[in-house]
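Topology and contacts: notes
Chain residues, written in single-letter form:
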Amino acid sequence: MHISILKSLFQRDLQKLKREIEAYHHEHHLWTTNKGIRNSGGNLCLHLLGNLNAFIGTELGNTGYVRQRELEFSLRDVPKEELLMQIDGTMAMIECTLEELSEEDLNKEYPIPVFKKTMTTGYFLTHLATHLTYHLGQINYHRRLLDH
């Protein structure tokens, strides 16, 4: 596995996340839920940022970020500009953190057990990249469904 590939995937998809958030025509729709849609686009964005800042920033980059996961799903009406700034900060953090990792680091065990099992750092970073794309698709669908 190559760190440059991981950096590229995270940057690509965080840029897409930024474009999705920017594309909401009505800012209040970022926080709208509807029948069968439990999580708003804004909350999914907060969840992704919290997830990446905790698992990459705190655990690998020693940033000191303290995750408040429950707020990722309960906060409402965070201004679009604030979300965009948080995305930019997350992109910068990932770039700096991954820059400090070696290919050897990817083969080491991730510092904490996740899902009640151990795994390599490379495996978990790959999981985080796919988690990002999964929720990115949900945000895209949410925006197109509710923001026409």
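Reading the values: the criteria
- Residues numbered from 1 in each chain as written.
- Predicted model: local features only at pLDDT ≥ 70, side-chain atom pairs only at ≥ 80, totals over all residues.
- Heavy atoms only, no water.
- Helix = DSSP H or I, 4+ residues; strand = E, 2+ residues; numbered from the N terminus.
- Rg over C-alpha atoms; globule rule 2.2 N^0.38 Å.
- Buried < 20%, exposed > 50% of the residue type's maximum accessible area, 1.4 Å probe, protein only.
- Contact = heavy atoms within 4.5 Å.
- Core = buried A, V, L, I, M, F, W, Y, C linked by side-chain atoms within 4.5 Å.
- Axes fitted to C-alpha atoms, helices over the stretch in contact; angles between N-to-C directions.
- Parallel < 35°, antiparallel > 145°, perpendicular 65-115°, else oblique.
- Left-handed = near helix turned anticlockwise from the far one by under 90°.
- Nonpolar A, V, L, I, M, F, W, Y, C, P; charged D, E, K, R; others polar.
- Salt bridge = Lys/Arg side-chain N within 4 Å of Asp/Glu carboxyl O.
- Patch = residues over 30% accessible without salt bridge, like charges linked within 9 Å, V, L, I, M, F, W, Y side chains within 5 Å.
- Areas by Shrake-Rupley, 256 points an atom, 1.4 Å probe, with all protein chains shown as cover.
- Lys, Arg positive; Asp, Glu negative; His and termini not counted.
- Charge placed at Lys NZ, Arg CZ, Asp CG, Glu CD.
- Polar contact = N/O pair within 3.5 Å; in protein donor to acceptor, adjacent residues only side chain to side chain.

What follows concerns the overall build of the protein chain. Secondary structure summary: the protein chain contains six helices and zero strands in total. Start at the N end of the protein chain and walk to the C end: the helices and strands fall as α-α-α-α-α-α. Since a compact globule built from 148 residues should have a radius of gyration of about 15 Å, the 16 Å found for the protein chain is in line with a globular shape. Buried residues in the protein chain amount to 45% of all 148 residues. For the protein chain, restricting intrachain contacts to residue pairs at least 6 apart in sequence, the fraction spanning at least 24 positions comes to 76%.

Our focus in this paragraph is the side chain of Thr 121. Checked against the element boundaries, Thr 121 lands in helix H6 (residues 121-146). If we ignore the near neighbours within four places in the chain, the residues touching Thr 121 are Leu 60, Asp 105, Leu 106, Lys 108, Glu 109, Tyr 110 and Pro 111.

Moving on, we get to the nonpolar core. Phe 10, Leu 17, Ile 21, Ile 87 and Leu 125 are the most contacted members of the largest nonpolar core, which has 38 residues in total. Sorting the residues of this core by element identifies helix H1 (3-23), helix H2 (41-61), helix H4 (80-100) and H6 as the ones contributing at least two each. Per-element tally for this core: the top contributor is H2, with nine residues.

The subject of this paragraph is the packing of H2 against H4. Between H2 and H4, the least distance of the axes is 10 Å, while the angle of their chain directions is 25°. Between H2 and H4, the angle is such that the two are roughly parallel. Seen from above, H2 lies across H4 with left-handed handedness. Of H4, the residues touching H2 (which contributes Gly 42, Cys 45, Leu 46, Leu 49, Leu 52, Asn 53, Ile 56, Gly 57, Leu 60 and Gly 61) are Leu 83, Gln 86, Ile 87, Thr 90, Met 93, Ile 94 and Thr 97. Here the residues of the contact of H2 with H4 sort into 10 nonpolar, seven polar and no charged.

Moving on: the pattern of salt bridges. When charged atoms on two side chains of opposite charge get close, those side chains can pair. What the rule picks out here adds up to eight salt bridges. As a salt-bridge pair, Glu 72 and Arg 67 come within 2.7 Å of each other at their nearest N and O atoms. Among the residues examined, Arg 67 registers a relative accessible area of 23% and is labelled partly exposed. With a closest N to O distance of 3.2 Å, Asp 105 and Lys 108 form a salt bridge. Assessed through its relative accessible area of 43%, Lys 108 is described here as partly exposed. One connected set of salt bridges, linked through shared partners, spans Lys 7, Glu 95 and Glu 99.

To continue, consider a negative patch on the surface. A cluster of like negative charges, contributed by Glu 22, Glu 27, Asp 77 and Glu 81, occupies part of the molecular surface. Note that Glu 22 resides in helix H1.

Here we come to the side chain of Asn 53. Along the chain, Asn 53 turns up in helix H2. We classify Asn 53 as buried; its relative accessible area is 13%. At 2.8 Å, the side chain of Asn 53 and the backbone oxygen of Leu 49 are in polar contact. If we skip the residues at most four places from it in the chain, Asn 53 touches Thr 58, Thr 63, Tyr 65, Thr 90 and Met 93.

Working note: non-glycine residues mostly have negative phi, and peptide bonds are mostly trans. With phi around 50°, Asn 62 is a residue other than glycine that occupies positive phi space. Tracing the backbone through its elements, the reader meets Asn 62 in the loop between H2 and helix H3 (69-74).

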